Amino acid sequence: MQVCISANSEYPDAQMDAKFGRCQYLLFIDTDTMKVESFPNAYKDAQSGAGTQVAQEVISRNPDALITGHVGPHAAELLKSSRIPVYSAEEVTVRTAIDDLLNDRLKQQDL
Amino acid sequence: MKQIIFISGKGGTGKTVLTASVASLPKSQVIADCDVDAANLHLLLKPVIRETHRFISGKEAIIDRDVCRECSECISLCRYEAISPDFFIHSHKCEGCGLCSRICPEHAISMQEKVAGEWYISETGFGEFVHARLGIGADNSGKLVSKIKQKSKSLARDNKSDYLIIDGPPGIACPLIAAVSGVNLAVIVTEPTKSGIHDLERVLGITNHFRVDTGILINKSDLNPDYADKIVSLAEMNQIPIIGKIPYLPEVFEAVSQGELPISDNGIFELLIHKAWGNITSLTDTKQVEAI
Amino acid sequence: MVIAVASGKGGTGKTTISTSLALVTPQVQFIDADVEEPNAHIFLQPDHLIQQSAALKIPSIDLSVCTRCGLCQEICEFNALAVLPESEKGPGNVFLFETLCHGCGACYHLCPENAITERAKEIGIVESGVFQNLQDENCEFIHGVLNLNESLTTPVIKDVKEQIDSQKTVIIDAPPGTSCPMIEAVEDSDFCILVTEPTPFGLHDLDLAVEVIRQMDIPHGVIVNRSQDRHNIITDYCGKRNIPILLQIPYSKRIAEGYSKGIPLVKIDPHYIKQFQEVLVAIQNQPPKDISSALNESLLYADPHFFDENAQ
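Thresholds applied
Residues numbered from 1 in each chain as written. Chains lettered and ligands numbered in written order. Predicted model: local features only at pLDDT ≥ 70, side-chain atom pairs only at ≥ 80, totals over all residues. Heavy atoms only, no water. Pairing = 2+ DSSP bridges. Helix = DSSP H or I, 4+ residues; strand = E, 2+ residues; numbered from the N terminus. Axes fitted to C-alpha atoms, helices over the stretch in contact; angles between N-to-C directions. Contact = heavy atoms within 4.5 Å. Buried < 20%, exposed > 50% of the residue type's maximum accessible area, 1.4 Å probe, protein only. pLDDT = per-residue confidence, 0-100. Salt bridge = Lys/Arg side-chain N within 4 Å of Asp/Glu carboxyl O. Phe/Tyr/Trp six-rings, centres within 6.5 Å; stacked < 30°, edge-to-face > 60°. Lys NZ or Arg CZ within 6 Å of the ring centre and 35° of its normal. Core = buried A, V, L, I, M, F, W, Y, C linked by side-chain atoms within 4.5 Å. Buried area = accessible area lost by both parts, 1.4 Å probe. Polar contact = N/O pair within 3.5 Å; in protein donor to acceptor, adjacent residues only side chain to side chain.

A. View of the sheet that holds strand β11 (residues 245-250) of chain C. Residues and elements named next belong to chain C. Reading across the sheet, the 9 strands line up as β3-β6-β7-β2-β8-β1-β9-β10-β11 and stay open at both edges, with mixed pairing between neighbours. Looking at the sheet topology across the chains shown, the edges are occupied by β3 (47-61) and β11. Each adjacent strand pair in this sheet contributes to an overall mean axis angle of 20°, direction not counted. The pairing of strand β10 (residues 220-227) with β11 spans 5 bridges and is parallel. Paired with Ile223 across the bridge in β11 is Leu247. Together, β1 (2-6), β2 (28-32), β6 (116-132), β8 (169-173), β9 (191-196), β10 and β11 form the strand contacts of helix α1 (residues 14-24), whose direction differs from that of β8 by roughly 165°.

Below is the structure:
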């Protein structure tokens, strides 16, 4: 499956970034091949509405799941309507977060 | 790391003096001044500036008068009356929406980045200090406040500080909202006056809406005992703890008038500040509020 | 004539000064433009209040006409619009984040399908009413109140100022600070009174305010509130810059207590009625540059006997 995760740096040393809209990077990981695409967050210094722009980026790539920390109300509205499930994780390594997701240890966020 | 902000709604309640006094108690901390429009905390903390950064916020329109043929389309569409009849753009009125730039038939208008102020990282005798100066007439949208919050938080995390002490902005709009987001405790500094209570209620409207834990500190508490009681009742009704009550103390006013911190001589004020800080730490240490 | 009362720093006594000045002014119209924390009504106690909505024009998107092209999202400088394209998951959608919208109209004007109309969104109210000045005249009172959770103050201040009656003597209580809201309130005034206190905070912020007022080319003078000595850091500063000091009000516990109850200064101590009348005359009758010569010594500082009687 395709999983998107907000991260503080590029793979493989990355940790999950609890901020969604102002995260440092967005990583898209294919959990079958463990192939990773990383994108620096162009919106992290936006005056306002960073979360909505990042949400758009995520939605346009249509992952099967998103793992992140805090999602602001505007971004939440967008993600909810996209029907992509959003999961909470602590600021652990990306590998750990993916592993937790695949083993049903992550809680889905009620946006 | 616990984030504690001092706010007031109304100006002049003594918020900055109290923030400075709490900041002067020795502890592992970073201090931030989010009161960016007429910032005052540095006057008491006397920082030595280590880093200066320009603050860019939004855009503003520029008209190339050589290309402009004065059709006035831009003037008729600008909702902020930012373009004068002689095609001069009032920088402080321009919101940077870009509409004029897009509709100008001659492409005579371009948008450029607006330098809205400066922010600084400094050293003080009490810890590192992040503060700013908003440019005159700049749009106080809360973005500079957010920048100060973001930088001071990451500094506190890097330094593994126990506390981030923040002097908050007045009012109830974007700057206040940006400043209180994600704090462990917002201490509302109020005064027992009719105006003070009126503004306290408005600030509580915001902190309740954003579910920010609050405490109330009554400054100049002996000014009007009836109103002080009203504040205590209001606090009880809203289940908000009273962090402290500080009477008007001439020696505090004296010290501040000289630009000095009023804490130095184990007087009443110092005792009351210690007590207030004790209340603050017991609130922030026992509650499991997640700082964002 | 329009007289604005402003200060760099909050809490110096703007409302104390503006309300007392209004009470001694005949044919006065009072405007409280501090829309985030309006307080003047506490002191002037207006009644017969009529409310009007202060609104922003925000977009309304007709999804049946919208093609999800995404141009509006691209144009919006405030990231207030998000367009979800049509896909196998559904017909897509356009989201407007109202709290981010500045009401600029760019999306409305530029949508290629004309799919956007506008609707009014209330962000605050303007209330007008009547109060009694000391001459027992019925005078107009207007204030703006920003709704909680709204962030744009300048549109409400603009609406409040639209009520200005240029036939009267208008007194505007401005918001504190030196950023956009203060400038909007003070702009186009004939004179600006800057209120400060003789502390390093008061001086620092007075300096910022003076810089703004000078850039706006508005004649100005200073009132020092909670003064302890006739000569202080504010009088030094004003002397060096040739800024007239209109009045100094000594610190008095009695005044502070009266203020706490919402009583205007001229009612706590009628001695100040004459002082404020003279300030008004000085501002109105003299060309602003000659104002220092219009003020006599006794005006610049309250009666010394009064000061002794009321010290602490």
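Text resumes after the structure shown.
B. Focus on helix α1 (residues 15-23) of chain B. Of all 9 residues that make up α1 of chain B, 9 are buried, and the element is covered over most of its length. When α1 of chain B is considered as a whole, its buried residues turn out to be Lys15, Thr16, Val17, Leu18, Thr19, Ala20, Ser21, Val22 and Ala23 of chain B.

C. Representation of the confidence of the model for chain A. For chain A, mean pLDDT is 90; residues scoring 70 or higher make up 99% of the total. Summarising per-element confidence for chain A, the mean pLDDT is lowest in helix α2 (residues 73-82) of chain A (90) and highest in strand β4 (residues 65-68) of chain A (96).

D. Examining the pattern of salt bridges more closely. With the rule as written, the count across this model stands at 24 salt bridges over all chains. Between Lys19 of chain A and Asp17 of chain A there is a salt bridge; the shortest N-O distance is 3.4 Å. Classification of Asp17 of chain A by relative accessible area gives buried; the value is 4%. A salt bridge links Arg79 of chain B to Glu118 of chain C; the nearest nitrogen and oxygen atoms lie 2.7 Å apart. Of the two residues, Arg79 of chain B is situated in the loop between α3 (73-77) and α4 (99-103) and Glu118 of chain C in strand β6; the pairing between them involves two chains. The class of Glu118 of chain C is partly exposed, set by a relative accessible area of 24%. Taken together, the shared-partner salt bridges connect Arg50, Glu51, Glu123 and Glu128 of chain B into one network.

E. Just the side chain of Thr16 of chain B, in detail. Tracing the sequence through the fold places Thr16 of chain B in helix α1. Judged by its relative accessible area of 8%, Thr16 of chain B falls in the buried class. In this structure, Thr16 of chain B is in contact with Asn40, Leu41 and Asp167 of chain B together with Phe201 of chain C, ignoring residues within four places of it in sequence.

F. Molecular detail of the packing of aromatic side chains. What the rule picks out here adds up to 6 aromatic pairs over all chains. Centroid distance Tyr163 of chain B to Trp277 of chain B: 4.9 Å. Interplanar angle 75°. Geometry classified as edge-to-face. Separated by 114 residues along the polypeptide, Tyr163 of chain B in strand β6 (residues 163-167) and Trp277 of chain B in helix α10 (residues 268-286) bring together distant segments of the chain. Accessibility assignment for this pair places Tyr163 of chain B and Trp277 of chain B in one class, buried. In this structure, Arg61 of chain A packs its charged tip against the face of Phe39 of chain A, placed 4.0 Å from the ring centre. The ring of Trp277 of chain B carries Lys27 of chain B above its face, with NZ or CZ at 4.8 Å from the centroid.

G. Examining the environment of Ser81 of chain A more closely. Here Ser81 of chain A is to be found in helix α2. Residues Ser81 of chain A and Leu111 of chain A, 30 residues apart in the sequence, show an inter-C-alpha distance of 9.9 Å. What Ser81 of chain A contacts, discounting residues up to four positions off in sequence, is Leu84 and Phe95 of chain C.

H. Region of interest: the nonpolar core. Counting residues in each nonpolar core, the largest one holds 84 residues, and the members touching the most others are Phe20 of chain A together with Val186 and Leu194 of chain C. Among the elements that make up this core, the one with the highest residue count is helix α7 (residues 200-215) of chain C (5 residues). Core analysis: the next-biggest nonpolar cluster, separate from the first, contains 44 residues, Ile5, Ala116, Ala132 and Ala156 of chain B among them.

I. Local environment of the interface of chain B and chain C. Counting residues at the interface gives 60 residues for chain B, matched by 61 residues for chain C. Across the interface of chain B and chain C, roughly 5,000 Å² is buried in total on both sides, 56% from carbon and sulfur atoms. Across the salt bridge formed by Lys59 of chain B and Glu77 of chain C, the nearest N and O atoms sit 3.2 Å from each other. Connecting chain B to chain C are 19 residue pairs in polar contact (both at pLDDT 80 or more). Every element with two or more residues in the side of chain B that touches chain C is listed here: α1, α2 (41-45), α4, β5 (127-134), α7 (194-209) and α9 (250-257) of chain B. If you tally residues by element for the side of chain B that touches chain C, the top one is α7 of chain B, at 9 residues.

J. Region of the structure containing the pairing of strand β2 (residues 29-33) of chain B. Residues and elements named next belong to chain B. β2 sits mainly inside the fold: 5 of its 5 residues count as buried. Residues Gln29, Ile31 and Asp33 line one face of β2 and the alternating positions Val30 and Ala32 line the opposite face, and both faces are buried. Direction of pairing for β2 relative to β5: parallel, over a ladder of 3 bridges. Within β5, the position partnered with Ala32 by the bridge is Val130.

K. Highlighting unusual backbone geometry. If you check the backbone angles, Asp104 of chain A has positive phi at about 60° while not being a glycine. Phi is positive for Arg211 of chain B, close to 50°, though the residue is something other than glycine. Taking the relative accessible area as the measure of exposure, Arg211 of chain B reaches 74% and is therefore exposed.

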